[in-house]
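Descriptive structure summary
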Amino acid sequence: MNAYPNLSHPSQRWCGINYGVVCPNFPCKHTECTDPDWLEACEEAIEKPEEHERAWHIYLALAKDPFSIVKKQLRPEELALYKPRVERYHRIMTNYPKIKQELRESWARQQLQTMEDEDELLNDESLRGDPDVEALREEKIKASLRRVKL
Ligand SMILES: [Zn+2]
């Protein structure tokens, strides 16, 4: 079974904007960050946004004060639910410099890929006159004019 049914969905992937074809495996070389804790947290953010957010708030409260009242306010079943998530956040924050670096490199690659994909679309003669492609062309011209002004 796929451990990341939401993250691996084509709508969440960065394998290519052009043809909607995604790599058969997940994570793939286009995945923003392959840290397993990070991936689990991102998957959970889509799957169970409320739990995900609550776990983050509990983590923050306990990071600030390990004896925070937050812990005492949790019912035993809530404690069981949130403890592994809070521990995961702790690992994510411990590894954050590495995660951040991976994300930065990935975003730079995505930007480059988007530019290459857009150029390919704009240079495709068969797509000339396509409203989406023409809108993209106009957008790119405007963007380059803005850069000239700066
Ligand atoms: Zn890919």
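Our subject is the structure that appears above.
Residues numbered from 1 in each chain as written. Predicted model: local features only at pLDDT ≥ 70, side-chain atom pairs only at ≥ 80, totals over all residues.

Position of F26 among the secondary structure elements: in the segment before α1 (36-47). As a C-alpha pair, F26 and L7 span 19 residues in sequence and 8.4 Å in three-dimensional space. (Helix = DSSP H or I, 4+ residues; strand = E, 2+ residues; numbered from the N terminus.)

The next point concerns the packing of α1 against helix α4 (residues 76-94). Where α1 contacts α4, the two axes come as close as 9 Å, and the packing angle between them is 130 degrees. Between α1 and α4, the interaxial angle falls into the category oblique. Considering how the two elements wind past one another, α1 and α4 form a crossing that is left-handed. On α4, the residues touching D37, W38, E40 and A41 of α1 are R88, R91 and I92. Split into classes, the residues belonging to the contact of α1 with α4 amount to 3 nonpolar, no polar and 4 charged. (Axes fitted to C-alpha atoms, helices over the stretch in contact; angles between N-to-C directions. Parallel < 35°, antiparallel > 145°, perpendicular 65-115°, else oblique. Left-handed = near helix turned anticlockwise from the far one by under 90°. Contact = placed C-beta atoms within 7 Å. Nonpolar A, V, L, I, M, F, W, Y, C, P; charged D, E, K, R; others polar.)

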